[in-house]
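Given next are the chains, with one letter for each unit.
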Amino acid sequence: MRTSLLALTAIAAVTAGVIGTTERESWRPNEIDPLATRALPEPETDVVARKGERMTAADILPAQFVEVSQAAPAAPNAPPRSQSPVAEKPARPVVDESALRYFAARGDTVRLQAEISRLRALYPGWEPPADPLAIAAGSDPQLDAMWKLYSEGRYDDVTKAIAERKKNEPDWSPPDELVESLRLATTRRQLVQASDAHQNDRVVELAAEAPQLLTCSEVDILWRVGEAFARTDRQDRARDAYGYILQNCHNPQERLATIQKASLVLDIPHLDALMRLEQTGTDGKPEFDAIRTGIARTLVSRGGTDPKAVVPQDYLTRLSDEARRTENAEDSLLLGWYFYRRNQFEPAQDWFRRSFEKEATPTAAQGLALTQVALRDPQAAENTLYRFRDATDETRATYLAAVANLLALDPPKIIDNTVLARMATPVVEARNTAAAEQFGWYARSLRQMQTAADWFGLILTWDAAYEPAAYGLALSLDALGDRAGVARIQAIWAQRSERIAHLRDPRRASTLTPVPGTAPAYAERATPHISPGGFVLAEAAPAPVRTASGNPQAEKRVRPRGCSAGIDLSRIAPIEAVKRGWCLMDLKRPLEAAEAFDRALSAPIAATRQEAAYGKSLAYLRLNLTDKAAVAAVQEQQTPVRAKQLQVAILADRAVGAFRLGRFHETIIALDQRSRLTREPQDLMMLRASAYRQLGYDSEARRILQPLADIGNSDAIKALYDKPT
């Protein structure tokens, strides 16, 4: 291939400082016929500067790469430039062709063709001899030895041999062809090494220094330069590199490989531009037909990790049809993740199920379980993933999430004891506080107070500062009549949890931000034994009834009236509406609780209205209605402690909501406001790091993730090794 991609020299000069060019607004390859000599130099043509003369981009760029701003406008009806009727035949340049004879004699056709391309680039108008073996043999055995070393790839030895001969023969100079060949070979090796080491800027710099390497005889170098441009966010330049191959090089396998490699690094618009350079094969079919399904797999796979990646419908349809036709489990899995990342859970579940039924792998089971949880069927998710729960860290985390979601269903679902037992073991082994907490609340919903107390106490042995477990333990011990145990918990938590401090009156607050503290004495008890009999699922034991003074009557147990039955709120007093609201919150029915608290806001007593506004705000927070929670929080003036607590919770919910909507600047603002009120827990630190990454501030994200990773946060460790999106 005679034409070197000198355009890439100009392109790369943005980094190397050689030639300055500007971005084009668009690239339409079909506007120029790649085979027209006036539009694009033929493969047998090159433009080379005279020695010591610097060329402009317009001098060296093939026509389809020349910047519009650099092209001189032609007069609309300008006549063609007059030419001499008899063109003088240029004199044949004097060229050292000894290397041609050497490579031809050894049968090294690859190096022979590379040398011909190099000489054509150096000497315009030079043509290779018809028979390289007919070139007169030189009478320089040492030079022949140097060429032999060069042909064997021993470039350092060539350099040493040259230095040694110059030392022995001061008047001797190596042929320019050998020096230039050695320089290009060394540059080629350095470029490949830089590419393998992912030093993309260095790859571009080396390509700018050796444009003679950017030819069809060096397609691997062109591929590496194209990838380097793409990895450094220069999609236009990467497209130009791959496009040069498709417009100038004709090896069918190399053309197919070019499209395949481009599909891995180019975005959809730039890849589509390359696909339009497709030619018709010798069989009469479009040359890229054989790899279109592979390209669809690549693009859908990319979409399965990047929710923002948009895959054209024709590629989705192609892969969907292929997956149905071949029943390929991997293709179904790719489609499942693609739809799951876009919250299209029903088609995602269908594809995951197809993959799982064809080949029951941990990844397919995880995907199917995630969609089942998202579609509010955590029982099916637990059943799907149980046998794969320990396959990977991801399947373990998904299984525990399915367990927590199953136990948290409202109203509670009756779960077989064998299933409860098999769920409990991995929860305890993983010390998963979220799932263990739901075990505690589930036991309370069945009135199994001792089992609930065991679960909450176990959590506190794992994390002494986990306030929800302390609150659940206090409630359970109170139901068991263990006044001493309740008093111990209240003594430790009274200053940090208002709802624990006021456990015996109706004014109970939700969770305060946990702070490190000493575990209650109950936390020192032994881990509860988990067995299939851990829950009594027949007749539920009734809770103790309180007298007006608040003392439990352990001897007299009857079913409480509670708040499960619906009533006309307008018929009850505001203070009773407050009590009903808190009761409904305990039953995890926040929507009804909000209505009860709203009724209590009509109370004539300020303290009752304050309690109602507080409860209403917490109910809306539980419903993820952050804006309504903020409005309710200011309906009545709150105590400083409660006001701060509500503001902290509202800002946390606001940050999470903004992140889900892709409003990452708002996420950072909400977290900054919250951090002025209290310390930032690890989950919100991870949220902040994710928001920074989405905004492109990877260094700020790493400053947050590194300390978390240093203390063993598995999510932070994983995030540090993930590529930013």
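What counts and what doesn't
- Residues numbered from 1 in each chain as written.
- Predicted model: local features only at pLDDT ≥ 70, side-chain atom pairs only at ≥ 80, totals over all residues.
- Heavy atoms only, no water.
- Helix = DSSP H or I, 4+ residues; strand = E, 2+ residues; numbered from the N terminus.
- Buried < 20%, exposed > 50% of the residue type's maximum accessible area, 1.4 Å probe, protein only.
- Core = buried A, V, L, I, M, F, W, Y, C linked by side-chain atoms within 4.5 Å.
- Expected span 1.5 Å × (residues − 1).
- Disulfide = S-S within 2.5 Å.
- Axes fitted to C-alpha atoms, helices over the stretch in contact; angles between N-to-C directions.
- Parallel < 35°, antiparallel > 145°, perpendicular 65-115°, else oblique.
- Contact = heavy atoms within 4.5 Å.
- Nonpolar A, V, L, I, M, F, W, Y, C, P; charged D, E, K, R; others polar.
- Phe/Tyr/Trp six-rings, centres within 6.5 Å; stacked < 30°, edge-to-face > 60°.
- Lys NZ or Arg CZ within 6 Å of the ring centre and 35° of its normal.
- pLDDT = per-residue confidence, 0-100.
- Salt bridge = Lys/Arg side-chain N within 4 Å of Asp/Glu carboxyl O.
- Left-handed = near helix turned anticlockwise from the far one by under 90°.

## What to know about the overall build of the protein chain
From N to C terminus, the protein chain includes 34 helices and two strands. The 725 residues of the protein chain split such that 46% are buried.

## Comments concerning the nonpolar core
Met423 and Phe439 are the most contacted members of the largest nonpolar core, which has 104 residues in total. Core analysis: the second largest hydrophobic core is formed by 26 residues, Ala577, Leu601, Ala613 and Leu621 among them.

## Considerations on helix α22 (residues 449–462)
End to end, α22 covers 20 Å across 14 residues, agreeing with the expected 20 Å (1.5 Å per residue, within 8%). By the criterion of burial, α22 is predominantly enclosed, with eleven of the 14 residues buried. Inspection of α22 places Met449, Thr451, Ala452, Ala453, Trp455, Phe456, Gly457, Leu458, Ile459, Leu460 and Trp462 among the buried residues, and these make up the whole buried set.

## Details of the state of the cysteines
Per the counting criterion, the structure on display carries one disulfide. Between the sulfur atoms of Cys216 and its disulfide partner Cys249 the distance amounts to 1.8 Å. Judged by the sign of its S-S torsion, about -85°, the bond between Cys216 and Cys249 is left-handed. Of this pair, Cys216 sits in the loop between α8 (200–209) and α9 (219–231) while Cys249 sits in the loop between α10 (235–248) and α11 (252–265), placing them 33 residues apart in sequence. No difference in accessibility class separates Cys216 from Cys249, as the two residues are buried.

## Considering the packing of helix α28 (residues 606–622) against helix α29 (residues 626–633)
Packing of α28 against α29 leaves a shortest axis separation of 8 Å and a crossing angle of 170°. Compared by their axis directions, α28 and α29 come out roughly antiparallel. Within the contact between the two elements, α28 uses Ala613, Lys616, Ser617, Tyr620 and Leu621 and α29 uses Lys628, Ala629, Ala632 and Ala633. Grouping the amino acids of the contact of α28 with α29 by side-chain chemistry returns six nonpolar, one polar and two charged.

## Notes on the environment of Asp683
Within the fold, Asp683 resides in helix α32 (residues 682–694). Spatially, the C-alpha atoms of Asp683 and Asn713 are 9.9 Å apart, while their sequence positions differ by 30 residues.

## Thoughts on the packing of aromatic side chains
Applying the stated criterion across every chain, the model contains 14 aromatic pairs. Between Trp441 and Tyr471, the ring centres sit 6.4 Å apart and the planes meet at 55°, which makes this aromatic pair tilted. Remark: Tyr471 occurs in helix α23 (residues 467–479) and Trp441 occurs in helix α21 (residues 433–445); sequence separation between them is 30 residues. The burial state of Trp441 is the same as that of Tyr471; both residues are buried. Here the aromatic residues Trp337, Tyr340, Phe345 and Phe352 are joined through ring pairs into a cluster of three or more. Cation over ring: Lys261 sits above Trp223, and NZ or CZ is 5.0 Å from the ring centre.

## Digging into the confidence of the model for the protein chain
Taken residue by residue, the protein chain gives an average pLDDT of 76. The fraction at 70 or more is 76%. Within the protein chain, helix α16 (residues 345–358) carries the highest mean pLDDT (94), whereas strand β1 (residues 544–546) carries the lowest (30). Contacts of residues 1–88 to residues separated by more than four positions or lying in other chains number 147 contacts, the stretch itself having pLDDT below 50. Confidence over residues 506–561 falls short of pLDDT 50; this stretch has 127 contacts with residues more than four positions distant or in other chains.

## A look at unusual backbone geometry
Despite not being glycine, Asn343 shows a phi value in the positive range, around 60°. Along the chain, Asn343 turns up in the loop between α15 (329–341) and α16.

## Details of the environment of Arg387
As for its placement among the helices and strands, Arg387 is situated in the loop between α18 (378–385) and α19 (393–407). For Arg387, a relative accessible area of 57% corresponds to the exposed category.

## Some remarks on the pattern of salt bridges
On inspection of all chains with the given rule, the structure shows 32 salt bridges. Ionic pairing is found between Lys616 and Asp598, a salt bridge with its closest N-O pair at 2.7 Å. With Lys616 in helix α28 and Asp598 in helix α27 (residues 590–600), this pair connects stretches of sequence that are 18 residues apart. For Asp598, a relative accessible area of 39% gives the class partly exposed. Each of the salt bridges in this network shares a partner with another, and the network as a whole consists of Arg389, Asp390, Asp393 and Arg396.

## A word on the environment of Leu406
On the secondary structure map, Leu406 appears in helix α19. Note on Leu406: relative accessible area 0%, which makes it buried. If we ignore the near neighbours within four places in the chain, the residues touching Leu406 are Pro378, Gln379, Lys413, Ile415 and Met423.

## Let's talk about the packing of helix α30 (residues 640–660) against α32
Two elements in contact, α30 and α32, have axes separated by 11 Å at closest approach and are oriented at 35°. At the point where α30 passes α32, the crossing takes the left-handed sense. Residues Ala652, Ala655, Val656 and Phe659 of α30 form the contact with α32, whose participating residues are Leu684, Leu687, Ser690, Ala691 and Gln694.

## Description of α32
The terminal C-alpha atoms of α32 lie 18 Å apart, and with 13 residues this matches the ideal 18 Å at 1.5 Å per residue to within 8%. Within α32 the residues assigned to the buried category are Leu684, Met686, Leu687, Arg688, Ala689, Ala691, Tyr692 and Arg693. Among the structural elements, α30, α31 (664–675), α33 (698–710) and α34 (714–721) are those in contact with the buried residues of α32. One or two positions beyond α32, positive phi appears at Gly696, with a value near 90°.

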